[in-house]
Amino acid sequence: MRKCVIFDLDGTLTRSEEGIWNCVRYAAEKLGFPEPDAPTLRKFIGPPLGYSFREYMGMDDEMADKAVVAYRERYNVVGLFENRVFPGIRRLLRTLKREGWYIGVATGKPQRASERIIEHFGLDKFITKICGPVGDHRPDKIDLIRNALPEGWNADMDDIWMVGDRKFDVEGAIGAGVKSIGVGYGYGSEEELRESGCTQYCETVQDVIDFLCPGAAIPAGAFLSVEGLDGSGKGTQIRLLSDVIDRYGFELQLSREPGGCPISEKLRDIILDRNNADMDDVTEVLLYAAARAQHVRQVIRPAVAAGRVLLCDRYVDSSVAYQGGGRQLGVQRVLDINAPAVDGTTPMATVYLDVDHETSMKRRAAATELDRLELAGDSFHARTEAGYRELIRRDPERFIVVDATRAPEEIGKEIAEKVIGRLMEAE
Ligand code: TYD
């Protein structure tokens, strides 16, 4: 039996309220209306726009038409992409595709806008056909679902499911003669979905995977690391990148080194303790490696195997740069010491926040409390920088080197583009 699944877009694959609300606010401001409050904004999700501007903001017909024009003006340029893919959706689509399912989309959002959203988030490679309203023609959900089906397929001979978050999706599926899954993570409630007669109710994205593809292998996630000298702005960039990874529907897990799990965090306390001034360099490099061995096995590998994107604040490159370069133990020696800890687990990509050691030192001087490593002298940091440069020279494919002396948002944008590109390539 051939297998086919048709998805609704808003509330099922993506959540669009951020863009919708920003555009409603924009239209209100442009026409001199007071900024709508949160409960009013929430009502805008679902019904036709003109109706909402009239009913919820008290506009007359002429004003509502103007508001729709203003809304679209912003929506078509930026609002469209102020959208989030639900966490786990990429994993669901990857699994379905691998298991040989045909995937279509039937949505009430205009077809061109839907296509742009799906392409923007790189979901087009999973989806064969997208059906939404074109021009002023407003087909009902039944027709949209029928059009999204592959030519010649029918519910008597094939296994066909519609997946949606509202009763309109379920009613459309019933009208089109196909089975339906109501999902509980979107805008509708379990009660609404069950009352409208869905064949199956799934609370989470994982429930949909388990229901449609029971026992399917989990597609591997990815391992990413972020590196840089102290004061390179790693914390800010990790925060910005985390939001982007999540927005694209990858399942993010954050970790750090030294640390990331209870045993390694204990080792971290010993390593960074300002009272341990007499720690030998060899002890130090072995403690970092020991913390790493535990972290790789207990956190990094399990996260990747579970399909998540593990984003790690520092990894073995830090040892090579700081202990190999800074402490002068030598690049190759530190790599050899770390070989059993790392045991072949290498990041798919490593973001290097490029600031030279002088800039890094100035930024550090502005910080209040320095830890043991940060207290080391300036030539230490010059050698650490040289260690990083050597690593980048050896492995230019893995490193994403960004000029980290610019404005944080600008740096964040470049990192986001490059990292998302790599993640999508690997899917
Ligand atoms: P942390 O407070 O996490 O600093 P940062 O925010 O700069 O990452 O402390 C980590 C310190 O440990 C940092 O100075 C770099 C150093 N380090 C090494 O020397 N070797 C290593 O292998 C790792 C992971 C970190």
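Rules used in this analysis
- Residues numbered from 1 in each chain as written.
- Predicted model: local features only at pLDDT ≥ 70, side-chain atom pairs only at ≥ 80, totals over all residues.
- Heavy atoms only, no water.
- Axes fitted to C-alpha atoms, helices over the stretch in contact; angles between N-to-C directions.
- Helix = DSSP H or I, 4+ residues; strand = E, 2+ residues; numbered from the N terminus.
- Parallel < 35°, antiparallel > 145°, perpendicular 65-115°, else oblique.
- Left-handed = near helix turned anticlockwise from the far one by under 90°.
- Contact = heavy atoms within 4.5 Å.
- Nonpolar A, V, L, I, M, F, W, Y, C, P; charged D, E, K, R; others polar.
- Near = heavy atom within 4 Å.
- Polar contact = N/O pair within 3.5 Å; in protein donor to acceptor, adjacent residues only side chain to side chain.
- Areas by Shrake-Rupley, 256 points an atom, 1.4 Å probe, with all protein chains shown as cover.
- Expected span 1.5 Å × (residues − 1).
- Buried < 20%, exposed > 50% of the residue type's maximum accessible area, 1.4 Å probe, protein only.
- 1 Å grid on protein atoms, 1.4 Å probe; cavity = no way out; pocket = protein on both sides within 12 Å on 5 of 7 lines; lining within 4 Å.
- Points joined across faces, edges and corners; volume = space filled by probe spheres on them.
- Domains from an automatic or database assignment.

**What to know about the packing of helix α1 (residues 17–30) against helix α4 (residues 61–75)**
Two numbers describe how α1 lies on α4: the axes approach to 8 Å, and their chain directions differ by 130°. With respect to α4, the element α1 is oriented oblique. Crossing geometry of α1 relative to α4 is assigned as right-handed. In contact with Gly 19, Ile 20, Asn 22, Cys 23, Val 24, Tyr 26, Ala 27 and Lys 30 of α1, α4 contributes Ala 67, Ala 70, Tyr 71, Glu 73, Arg 74 and Tyr 75. A per-class count over the contact of α1 with α4 returns nine nonpolar, two polar and three charged.

**Observations concerning the site of the ligand**
Near the ligand you find 15 residues, and of these Asp 230, Lys 234, Arg 314, Ser 319 and Gln 323 are the closest. Contact between the ligand and Tyr 288: an oxygen atom at 3.0 Å from a side-chain N or O atom of the residue. Here Gln 323 contributes a side-chain N or O atom positioned 2.8 Å from an oxygen atom of the ligand. For the ligand, the accessible surface in isolation is 540 Å², of which the surrounding protein chains cover 87%. For the shell around the ligand, the secondary structure elements donating two or more residues are α12 (262–272), α13 (281–305) and α14 (316–326). Per-element tally for the shell around the ligand: the top contributor is α14, with four residues. Broken down by class, the residue content of the shell around the ligand amounts to five nonpolar, three polar and seven charged.

**Concerning helix α18 (residues 408–426)**
Taking 1.5 Å of rise per residue, the 19 residues of α18 would be expected to cover 27 Å, and the 27 Å separating its terminal C-alpha atoms lies within 8% of that figure. Taken together, the buried positions of α18 are occupied by Ile 411, Gly 412, Ile 415, Ala 416, Val 419, Ile 420, Leu 423 and Met 424.

**A closer look at the layout of surface pockets**
There is about 1300 Å³ of room inside the largest pocket. Of all the secondary structure elements, the ones that give two or more residues to the lining of the largest pocket are α3 (49–57), α4, α6 (111–120), α7 (141–148) and α8 (167–176). Take the lining of the largest pocket: its biggest share by element is four residues, from α4. Its residues placed into classes, the lining of the largest pocket shows 18 nonpolar, six polar and 13 charged. Each of two domains, domain 1 (3–13 + 83–212) and domain 2 (17–81), supplies a minimum of three residues to the lining of the largest pocket. Looking at the second largest pocket, its volume works out to about 560 Å³. Residue lining of the second largest pocket: 17 residues in total, with Val 244, Arg 247, Tyr 248, Lys 413 and Ala 416 positioned closest to the centre.

**With respect to the packing of α14 against helix α15 (residues 331–342)**
Where α14 contacts α15, the two axes come as close as 9 Å, and the packing angle between them is 145°. Both α14 and α15 take part in a crossing whose hand is right-handed. For the pair α14 and α15, the contacting residues are Val 316, Ser 319, Val 320, Gln 323 and Gly 324 in the first and Val 331, Val 334, Leu 335, Asn 338 and Val 342 in the second. When grouped by side-chain class, the residues that make up the contact of α14 with α15 number six nonpolar, four polar and no charged.

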